[in-house]
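Fold and contact review
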Amino acid sequence: VQLQASGGGLVQAGGSLRLSCAASGRTFSNYAMGWFRQAPGKEREFVAAINWSGGSTLYADSVKGRFTISRDNAKNTVYLQMNSLKPEDTAVYYCAGANTAVVVTSMVRYKDWGQGTLVTVSS
């Protein structure tokens, strides 16, 4: 499957951004989706995940209460709404497609990856 992430940019601390990830190439609604991020000099880390229907979600503790993952299966798109952004949220954000329908957090369960979109939060 091909994944195309968009919506990154520069925002001040406390601001909001919404990332989108458009999928093509396989039956989008059959699989869980996730967002990961990689800050400069750091390893890629889990941010949020959603199951095939959108009825189950998981979040990293660092973003819980501030970020919301959602999906629109009719549009083959997954979103990440990011509110109350902090400078430590600065990273390249990647969307990924899992090899299962249930929500998972481990990167090894994600087989398809988008190209990443840069989010920069200024203080």
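None of the values given here were measured: they were computed from a predicted structure.

1. Remarks on the state of the cysteines
Counted according to the given criterion, the structure contains one disulfide. Across the disulfide, Cys21 is cross-linked to Cys95 (sulfur-sulfur distance 2.0 Å). Handedness of the Cys21-Cys95 disulfide follows from its S-S torsion of about 55 degrees: it is right-handed. Of this pair, Cys21 sits in strand β3 (residues 17-24) while Cys95 sits in strand β9 (residues 91-98), and the two are 74 residues apart along the sequence. In terms of burial, Cys21 and Cys95 fall into one category: buried.

2. Side note on the packing of aromatic side chains
Applying the stated rule across the entire model yields four aromatic pairs. Plain terms: the ring middles of Phe36 and Phe46 are 5.7 Å apart, the flat faces sit at 70 degrees to each other, and that makes the pair edge-to-face. Of the two residues, Phe36 is situated in strand β4 (residues 33-38) and Phe46 in strand β5 (residues 45-50); the sequence distance between them amounts to 10 residues. Side by side, Phe36 and Phe46 carry an identical accessibility label, which is buried. Among the aromatic side chains, those forming a connected cluster through ring pairs are Phe36, Phe46, Tyr110 and Trp113. A cation over an aromatic ring shows up here: Arg71 above the ring of Phe28, its NZ or CZ 4.3 Å from the ring centre.

3. Notes on the pattern of salt bridges
All chains considered together, the criterion is met by four salt bridges. Put simply, Arg37 and Glu45 hold a salt bridge, and the shortest N to O gap is 2.7 Å. Since its relative accessible area comes to 36%, Glu45 is described here as partly exposed. In this structure, Arg37 engages Asp89 in a salt bridge whose closest nitrogen and oxygen atoms are separated by 2.9 Å. Here Arg37 is found in strand β4, whereas its partner Asp89 is found in the loop between β8 (77-82) and β9, with 52 residues between them in sequence. Residues joined in a network through salt bridges with shared partners are Arg37, Glu45, Arg66 and Asp89.

4. Considering empty space enclosed by the protein
In total, this model carries one cavity of 30 Å³ or more according to the counting rule given. When its volume is computed, the largest cavity comes out at roughly 30 Å³. Forming the walls of the largest cavity are Val1, Leu3, Ala23, Arg26, Phe28, Tyr31, Met33 and Gly97. A breakdown of the residues in the lining of the largest cavity according to their chemical character gives six nonpolar, one polar and one charged.

5. Some thoughts on the sheet that holds strand β7 (residues 67-72)
Across a sheet, paired strands are connected by hydrogen bonds in the backbone, their directions being either parallel or antiparallel. Read across the open sheet, the four strands follow the order β1-β3-β8-β7; overall the sheet is antiparallel. The open sheet is flanked by β1 (2-6) and β7, the only strands paired with a single partner. In this sheet, adjacent strand axes meet at a mean angle of 15 degrees when their direction is disregarded. Bridge analysis of β1 against β3 gives five bridges, and the strand direction is antiparallel. Considered in β3, the bridge of Ser6 is made with Ser20.

Cut-offs applied
- Residues numbered from 1 in each chain as written.
- Predicted model: local features only at pLDDT ≥ 70, side-chain atom pairs only at ≥ 80, totals over all residues.
- Heavy atoms only, no water.
- Disulfide = S-S within 2.5 Å.
- Helix = DSSP H or I, 4+ residues; strand = E, 2+ residues; numbered from the N terminus.
- Buried < 20%, exposed > 50% of the residue type's maximum accessible area, 1.4 Å probe, protein only.
- Phe/Tyr/Trp six-rings, centres within 6.5 Å; stacked < 30°, edge-to-face > 60°.
- Lys NZ or Arg CZ within 6 Å of the ring centre and 35° of its normal.
- Salt bridge = Lys/Arg side-chain N within 4 Å of Asp/Glu carboxyl O.
- 1 Å grid on protein atoms, 1.4 Å probe; cavity = no way out; pocket = protein on both sides within 12 Å on 5 of 7 lines; lining within 4 Å.
- Points joined across faces, edges and corners; volume = space filled by probe spheres on them.
- Nonpolar A, V, L, I, M, F, W, Y, C, P; charged D, E, K, R; others polar.
- Pairing = 2+ DSSP bridges.
- Axes fitted to C-alpha atoms, helices over the stretch in contact; angles between N-to-C directions.

None of the figures reported here should be taken as evidence of function without further support.
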